[in-house]
Amino acid sequence: MKKKRVLVTGGSGFLGSHICEHLLGKGREVICVDNFYTGRKENIIHLLDNPYFEIIRHDITFPLYVEVDEIYNLACPASPIHYQHDPVQTTKTTVHGAINMLGLAKRVNAKIFQASTSEVYGNPAIHPQTEDYWGNVNPIGLRACYDEGKRCAETLFFDYNRQHSLAIKVGRIFNTYGPRMAMDDGRVVSNFIIQALRDEDITVYGKGNQTRSFCYVDDLVDGIVRFVDNTDDDFTGPVNLGNPDEFTILELAQSVIELIGSKSKIIFNPLPSDDPMRRKPDISLAKKTFDWEPQISLQTGLVKTVEYFDNYLKSL
Ligand code: NAD
Ligand code: UDP
Ligand code: UDP
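## As for the site of ligand 2
Around ligand 2, a shell composed of Pro 63, Leu 64, Tyr 65, Ile 99, Asn 100, Gly 103, Leu 104, Lys 106, Arg 107 and Tyr 160 is seen. Between Ile 99 and ligand 2, the recorded distance is 3.5 Å, taken from a backbone N or O atom to an oxygen atom. Between ligand 2 and Tyr 160 there is a distance of 2.5 Å, counted from an oxygen atom to a side-chain nitrogen or oxygen. Relative to its free-state accessible area of 510 Å², ligand 2 is covered by the protein chains to the extent of 64%. Here the shell around ligand 2 gets 6 residues from one element, more than from any other, and that element is helix α3 (residues 87-108). In terms of residue class, the shell around ligand 2 is made up of 6 nonpolar, 2 polar and 2 charged.

## Looking at the nonpolar core
Counting 56 residues, the largest nonpolar core has Val 8, Tyr 72 and Ile 224 as the members making the most contacts within it. In terms of residues, this core owes the most to one element, helix α6 (residues 217-229), which gives 7 residues. Within the second largest apolar cluster, 26 residues are counted, among which are Leu 7, Ile 112, Ala 153 and Tyr 160.

## Details of the site of ligand 3
Near ligand 3 lie 18 residues; those nearest to it are Thr 203, Tyr 205, Arg 212, Asp 275 and Arg 279. Arg 212 has a polar side-chain atom sitting 2.7 Å from an oxygen atom of ligand 3. Between Arg 279 and ligand 3, the recorded distance is 2.7 Å, taken from a side-chain N or O atom to an oxygen atom. Starting from 510 Å² of accessible surface for ligand 3 in isolation, the protein chains cover 95%. Elements with a contribution of two residues or more to the shell around ligand 3: α5 (188-197) and β8 (202-205). Across the shell around ligand 3, the residue classes tally to 7 nonpolar, 5 polar and 6 charged.

## Some details on the environment of Asp 132
As for its position among the elements, Asp 132 is in the loop between β5 (111-117) and α4 (144-164). By relative accessible area, Asp 132 is classed as exposed at 61%. Once the C-alpha coordinates of Asp 132 and Leu 74 are considered, the two residues, 58 residues apart in sequence, prove to be 23 Å apart. Polar contacts involving the side chain of Asp 132 include one to the side chain of Thr 130, which spans 2.7 Å.

## Quick notes on the pattern of salt bridges
Counted by the stated rule, this structure contains 20 salt bridges. Arg 279 is paired through a salt bridge with Glu 119; the nearest N and O atoms lie 2.2 Å apart. Here Glu 119 lies in the loop between β5 and α4 and Arg 279 lies in the loop between β13 (266-269) and α8 (284-290), a separation of 160 residues in the sequence. For the pair formed by Arg 279 and Glu 119, the shared burial category is buried. One salt-bridge network, held together by shared partners, links Lys 4, Lys 26, Arg 28, Glu 70 and Asp 229.

## A closer look at the pairing of β5
Here β5 lies mainly inside the structure; 7 of its 7 residues are buried. Relative to β5, strand β4 (residues 70-73) is paired through 4 bridges, and the arrangement is parallel. Its bridge partner lying in β5, Tyr 72 is registered against Phe 113. Where β5 lies against strand β6 (residues 168-173), 6 bridges are found, and the strand directions are parallel.

## So, the packing of aromatic side chains
Applying the stated rule across the entire model yields 12 aromatic pairs. For the pair Tyr 308 and Phe 309, a centre-to-centre distance of 5.1 Å together with 75° between the ring planes defines the contact as edge-to-face. Neither Tyr 308 nor Phe 309 differs from the other in exposure class; each is buried. Following the ring pairs from residue to residue traces out a cluster consisting of Tyr 72, Phe 113, Phe 227, Phe 235 and Phe 290. The ring of Tyr 52 carries Lys 3 above its face, with NZ or CZ at 4.3 Å from the centroid.

## Some thoughts on α5
Of all 10 residues in α5, 8 are buried; the element is thus mostly enclosed. Those residues of α5 not exposed but buried are Val 189, Ser 190, Asn 191, Phe 192, Ile 193, Ile 194, Gln 195 and Ala 196. On its buried face, α5 sits against β7 (176-177), β8, α7 (249-260) and α9 (298-315). A positive phi of about 55° marks Asp 199, the residue just after α5.

## Focus on the sheet that holds β5
If you walk across this open sheet you meet the 7 strands as β3-β2-β1-β4-β5-β6-β11, and the pairing is parallel. The sheet terminates laterally at β3 (53-57) and β11 (239-241), the two strands that pair on one side only. Direction aside, the axes of adjacent strands within the sheet are offset by 20° on average. Sheet topology places strand β2 (residues 29-34) next to β3; 5 bridges connect them, and they run parallel.

Parameters and conventions
- Residues numbered from 1 in each chain as written.
- Chains lettered and ligands numbered in written order.
- Predicted model: local features only at pLDDT ≥ 70, side-chain atom pairs only at ≥ 80, totals over all residues.
- Heavy atoms only, no water.
- Near = heavy atom within 4 Å.
- Polar contact = N/O pair within 3.5 Å; in protein donor to acceptor, adjacent residues only side chain to side chain.
- Areas by Shrake-Rupley, 256 points an atom, 1.4 Å probe, with all protein chains shown as cover.
- Helix = DSSP H or I, 4+ residues; strand = E, 2+ residues; numbered from the N terminus.
- Nonpolar A, V, L, I, M, F, W, Y, C, P; charged D, E, K, R; others polar.
- Core = buried A, V, L, I, M, F, W, Y, C linked by side-chain atoms within 4.5 Å.
- Buried < 20%, exposed > 50% of the residue type's maximum accessible area, 1.4 Å probe, protein only.
- Salt bridge = Lys/Arg side-chain N within 4 Å of Asp/Glu carboxyl O.
- Pairing = 2+ DSSP bridges.
- Phe/Tyr/Trp six-rings, centres within 6.5 Å; stacked < 30°, edge-to-face > 60°.
- Lys NZ or Arg CZ within 6 Å of the ring centre and 35° of its normal.
- Contact = heavy atoms within 4.5 Å.
- Axes fitted to C-alpha atoms, helices over the stretch in contact; angles between N-to-C directions.

Shape is all these values report; function is a separate question.
Structural data, given as structure tokens:
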């Protein structure tokens, strides 16, 4: 039987590399497309011996012609410091990139998954967030290049679905962490773990009473692939994908210090603008539709992530 050929954009990034690995494990042929803006070859180096894996260095804001059966569109920096570094490029990636990948999907009649985000809810006025909530986003703030870009990408996905009958799967991913996050990524879990391993100050922004709900990467990848593989084409989403266990950022800092037995002290830095105060997914739709819910607690996931960064720092 011919192997299904899958394109993974952003395939050398944190989540993309885990998706590539998972799909190869399921017997797919995988084409990883990445411009290496935040992605790294070391995330996928272990896959290079596999004859069913190939990499194309390419920026998805430019057209791409390949023949594939499915597309996972993950290309886009996810960390606020990286997506705000070149905000115009972020909007181009989310919007022009989506148009190109949708045009490609249309030409080859491929099913296409979009890595959308909890950021489409902005600073949410309802809690926990359900998929029917339209969000509270500042259209001109520092986060808008990402939030509004991802919102426009969702619009494009649904218009290609309605106008061209394209099979789309839109997943709204909530904060996910785990091995292969980049050291300089700037997201909270990797920052705190690296600071604690080095006995440096832990930088809590604001008072640390803002909340997030953290999903371990293996759970998330399982959720995404179940959504794409195990639901009918008429189930487009959007569907929330995340772990509903909610923690304050201060609680996260304390857990990391305790787990590592670190001498680090917590310091308080200014809260970045438009930083959402609360975030927690309602995942009933994913549970009901493809029988998914995360299995890995924050404590267990942190142990695995600390082990990864500990080894990584020692290898430098
Ligand atoms: P990441 O920064 O590690 O990975 C993004 C990848 O996309 C990198 O390899 C980068 O080089 C590549 N890329 C960026 N712009 C590109 C372009 N124009 N052309 C080609 N490649 C490009 O981030 P991640 O955490 O792996 O996130 C992957 C996707 O999931 C992103 O779309 C992000 O918005 C989404 N997401 C992630 C989270 C999370 O918590 N990790 C939460 C919500 C949504
Ligand atoms: N596109 C691409 N690869 C393909 C097919 C299309 O990158 O295999 C790009 C193409 O450059 C176009 C975009 O996708 O700008 C949208 O394509 P669509 O066919 O929807 O629109 P049109 O070509 O009519 O603008
Ligand atoms: N944060 C923090 N210290 C850090 C990095 C982040 O207190 O060193 C906070 C940040 O202000 C936000 C939360 O942790 O409230 C999650 O930040 P992250 O950048 O990981 O993701 P976000 O959910 O904001 O996109």
